[in-house]
Amino acid sequence: MTEVTVLDEVKTDTGLSREVLLNLGPQHPSTHGVLRLLLQMDGEIIERVEPHIGLLHRGTEKLFESFTYTQIFPLTDRLDYLCPPSNNLGYALAVEALLEIEAPERAQYIRVMMAELSRISGHLLITGALPMDVGAMTTLLYTMRDREMVMDLMEMISGVRMHTSFCRVGGVREDLPEGAEARILEFCDIFAARISDYETLLENNRIFLARVENIGNITGDDAIALGLSGPNLRASGVDWDIRRDAPYEIYDKLEFQVITRTDGDCYDRWKCRVDEMRESLWMVRQCVRQMPKGDILVDDPKIAFPVDKGLLAHSMETHIHHFELAAYGFKVPAGEFYSAIEAPKGELGYYLIADGSTKPFRLKVRAPSFVNLQALTERTTNIKYLADVIAMLGSLDPVMGEVDK
Amino acid sequence: MRVVDIPLEQVLEHFAGRVGVDDSAADMRCLLVMPTDLVALCTLLRDEAALRFTFLSDICGVDYFPDTPRFLLVYHLYSIPHKMRLRIKCQLEDPPVAPTLTPVWTTANWHEREAYDMYGIRFDGHPDLRRIYMWEGFDGYPMRRDFPLRGYKDDYNPMGAERPVEGSGS
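Residues numbered from 1 in each chain as written. Chains lettered and ligands numbered in written order. Predicted model: local features only at pLDDT ≥ 70, side-chain atom pairs only at ≥ 80, totals over all residues. Heavy atoms only, no water.

Helix and strand content of chain A: 16 helices and 9 strands. Against the compact-globule benchmark of 22 Å for 405 residues, chain A has a radius of gyration of 23 Å, which places it among compact chains. Along the first, second and third principal axes, the C-alpha set of chain A runs to 85 × 45 × 35 Å. Considering only intrachain contacts with a sequence separation of at least 6, the fraction spanning at least 24 residues in chain A is 67%. Here chain A displays about 15400 Å² of accessible surface, and carbon together with sulfur accounts for 53% of that area. Here chain A contributes 42 positively and 62 negatively charged side chains, and the mean placements of these two sets differ by 3 Å. (Helix = DSSP H or I, 4+ residues; strand = E, 2+ residues; numbered from the N terminus. Rg over C-alpha atoms; globule rule 2.2 N^0.38 Å. Contact = heavy atoms within 4.5 Å. Areas by Shrake-Rupley, 256 points an atom, 1.4 Å probe, with all protein chains shown as cover. Lys, Arg positive; Asp, Glu negative; His and termini not counted. Charge placed at Lys NZ, Arg CZ, Asp CG, Glu CD.)

The helix and strand inventory of chain B stands at 3 helices and 7 strands. Mapped from its N terminus to its C terminus, chain B presents α and β elements in the order α-β-β-α-β-β-β-β-α-β. Counting all 170 residues of chain B, 52% fall into the buried class. Considering only residue pairs separated by 6 or more positions, chain B has 50% of its internal contacts joining residues 24 or more positions apart. (Buried < 20%, exposed > 50% of the residue type's maximum accessible area, 1.4 Å probe, protein only.)

Between two packed helices, both the angle of their axes relative to each other and the distance between the axes serve to describe the pair. All names here are of chain A. Their axes nearest at 8 Å, the elements helix α3 (residues 84–99) and helix α4 (residues 105–133) cross at an angle of 145°. Packed against α3, whose contacting residues are Pro85, Ser86, Leu89, Ala92, Leu93 and Glu96, the element α4 presents Arg111, Met114, Ala115 and Ser118 at the interface. Here the residues of the contact of α3 with α4 sort into 6 nonpolar, 2 polar and 2 charged. (Axes fitted to C-alpha atoms, helices over the stretch in contact; angles between N-to-C directions. Nonpolar A, V, L, I, M, F, W, Y, C, P; charged D, E, K, R; others polar.)

Okay, α3(A) next. Residue and element names in this part refer to chain A. Under the 1.5 Å per step criterion, the end-to-end length of α3 is 23 Å for 16 residues, consistent within 8% with the ideal 22 Å. Taken across its 16 residues, α3 has 15 buried, putting it largely inside the fold. Just past α3, the residue Glu100 takes up positive phi, approximately 55°. (Expected span 1.5 Å × (residues − 1).)

Now for the pattern of salt bridges. Within the structure shown, the criterion is met by 50 salt bridges over all chains. We note a salt bridge from Asp77(A) to Arg78(A), for which the minimum N-O separation is 4.0 Å. Residue class for Asp77(A) comes out buried when judged on its relative accessible area of 0%. For Lys89(B), the salt bridge identified is with Glu336(A), shortest N-O distance 2.7 Å. Highlighted residues: Lys89(B) in strand β5 (residues 84–92) and Glu336(A) in strand β7 (residues 335–343), drawn from two different chains. Pair check on accessibility: Lys89(B) and Glu336(A) agree, each one buried. Linked by salt bridges that have partners in common, Glu116(A), Arg119(A), Arg234(A), Asp241(A), Arg243(A), Glu276(A) and Glu342(A) make up one network. (Salt bridge = Lys/Arg side-chain N within 4 Å of Asp/Glu carboxyl O.)

Attention now moves to the sheet that holds strand β9 (residues 362–366) of chain A. All names here are of chain A. Strand order across the open sheet formed by 3 strands is β7-β8-β9, with antiparallel pairing between neighbours. Unpaired on one side and paired on the other, β7 and β9 mark the two borders of the sheet. Each strand axis lies, on average, 10° off the axis of its neighbour in the sheet, ignoring direction. Inspection of the sheet shows β7 paired to strand β8 (residues 346–354) by 9 bridges, in the antiparallel sense. (Pairing = 2+ DSSP bridges.)

This part takes up the sheet that holds strand β1 (residues 20–21) of chain B. Within a sheet, adjacent strands bond to each other through the backbone by hydrogen bonds, running parallel or antiparallel. Residue and element names in this part refer to chain B. Read across the sheet, 5 strands follow the order β1-β2-β5-β4-β3 without closing on themselves; strand pairing throughout is mixed. Whereas interior strands pair on both sides, the edge strands pair on one side only; in this sheet they are β1 and β3 (55–63). Sheet topology places strand β4 (residues 71–79) next to β5; 9 bridges connect them, and they run antiparallel. Directly across from Tyr78, in β5, lies its bridge partner Arg85. Packing of helix α2 (residues 38–47) onto the sheet brings it into contact with β2 (29–33), β4 and β5, and relative to β5 it is tilted by some 175°.

To continue, consider the side chain of Glu199(A). Within the fold, Glu199(A) resides in helix α6 (residues 180–202). Sequence-distant contacts of Glu199(A), defined by excluding residues within four places in its chain, comprise Lys271(A), Val274(A), Asp275(A) and Arg278(A).

Residue and element names in this part refer to chain B. Across the 9 residues that make up β4, a large majority, 9, are buried. The alternating pattern of β4 places Phe71, Leu73, Tyr75, Leu77 and Ser79 and Leu72, Val74, His76 and Tyr78 on opposite faces, both of which are buried. The sheet contact formed by β3 and β4 spans 8 bridges and is antiparallel. Looking at the pairing, Ile59 lines up with Tyr75 of β4. Between β4 and β5, which pair antiparallel and follow one another directly, the connecting turn spans 4 residues, one of which, Lys83, has a positive phi of 55°.

This part is about the confidence of the model for chain B. When pLDDT is averaged across chain B, the result is 82; 86% of the residues are at 70 or more. Scored as a whole, the predicted complex attains pTM 0.87, and scored at its interfaces, ipTM 0.85. (pLDDT = per-residue confidence, 0-100.)

In C-alpha cells form, the structure reads like this:
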C-alpha cells in the first residue's frame, strides 16, 4: 500500500510545487523483498531517499552465538539466499583457519564450482529483474528458465534447490553424484549461447537503455568511500577482485578475467554482471576438467563425520566420535580470523572470534548488500526522478536476507 | 591467508606510544588505539601514500560482559592499491562512546548505526544515529550478552521470559 503525505506547498517560479513524502514498499515488487524506501519528493523530483531496513531481521548474529559450528551452516544459507554456496564457503574458511586445517583439493574444487554456479544463478536474477523493473518484462522469463537449470544442478549435487548447506568444516558433505560432471558441462554448453541472447534482447533495447544509461553514476572514489564492492565497484572502474588479489581455495589455479567498466551507471553495473557470468561459466568448466579424484572431507574424526559410513557399524571409536560430534560439536581454539571472499554481491566477510568452546564467541557478517544499499542515500549519484530510484535500486542488486541479517 | 607486512613504523612513531600493536592474530596485523586518537589514526591510515587504506570493510562491536572494559570496536580496513588488510581495535568503557568515522569513510554511517542498534555504542558526531534494524522505541540492545536469547518481554514474545533449564546448573 503506497501512502502519500503532502508536507507543504512551496511557491516556485513556475507555480505551486508540492513537497511529498512517498512510501515505496515494503510490499512492492521492485524492492526485491521487504525494503521500505521513504522518498521525499518535489513533484516527481527526488530530494531525499531514506531506506528503512530491518523488516527481515532475524537476529542471525545473535543466533550464531548459540549454535555449534556445524549448525551455523544452514543459517549462513539464509543470508544471501540466491547464492548459499558462497556464504557457506566464506564461513567454512574462517573456521578452518582457526582449526588450522585445509579441505582436501577435490572438496575445494567442488566448493568453488558450486560457488561459481551460484554466482551465475544470482546474476541471472538481476540480469532479468533490472529490465523488468524498468519495463522490459520478457527477459526475466528467459533468465528464470535458465536459472532453473542451475537449480536442477544444485538439487542433483546437494538434494536441495536453494538452501544447499553443502559445505562442512573441512570439506563438503558428499561427493558429486555419478554423471554430475557430464550434466554440468552440458549446462555450460547450453548456457554459453543464452548469455548472448540476453544481450541481443537488451543491449539495443531503447526503452531499457533510456532508463539505465547515465543514471546513478558513481565515480570510483565515491564508490570506494561508500564501501561498494564486487560488480558494483568494478562497474565504476576500480579493478579489485578478491578472487584474484587474495586467492582463496583453488582460485589461483583458475584462469579468469576481472571485468571492469568505466561509467559506473546502472547500465554498467548490469553489464558487468552479464560479463561476469561468462567468466564464471569458464571457471566452472575449468573446475570440472581439473578436479582431481580423492577425499572430500578432512580425515579427522574429531572434526568431520567419517566418509566411510560403514565404519560406524564396526568401530566403537568412530561411533563415539560420531556421537560426540552430533551431540556437542567440536571445539575451535581461541583466536580471531577475518575471512573475506568475493561473493556475487561483493566482499563477504566473516569475522570470527572463538573462545575455545563449541560455539563462536562472536561471528560478525560483513554483508555486501547491506553496504551496497547505502549508495541509495548518497546525493552524489545523479538520481533525479522517481523512476531513477527504481533503476538504481535494481542495479545495486541488494538481497534483503543479507541486508537485514 | 598470510600476514602481509605493512609499513606501520611511521604511524606508530607519529602517535608516540599511544597506538599499540597486537600481532597475535594469524590473519592480519592489528593496531590498538584509544577512542581519542581514533579519528586521527584513521585519517592518517587513509591518506598516507604508503598505506592508502581507503576502503573500510567492516565495523564490528563486541561485548565482553561481565569483563571490563566491556566493549570493543573492531575495524577492518583494506588498501586497494597495496592489497593489504589491517585491523584496528578500540576498547570502550560502559556506557560506550566512540567518535564517529563518517568524515573519514562515508560507509561508516550504516555500520555505526548497526553497532549502536545492537550494542548501544554511541558515536559522537554521527549525522544520523538511529536504530537501523530494530524499530524506534525498542528497549534494550539485542547483541549484548546480558540480553536474553529468548523471551524479550511478554508483550512481544509469547514464550515469556527465559527460565533456566532444570539441572543445567546455570
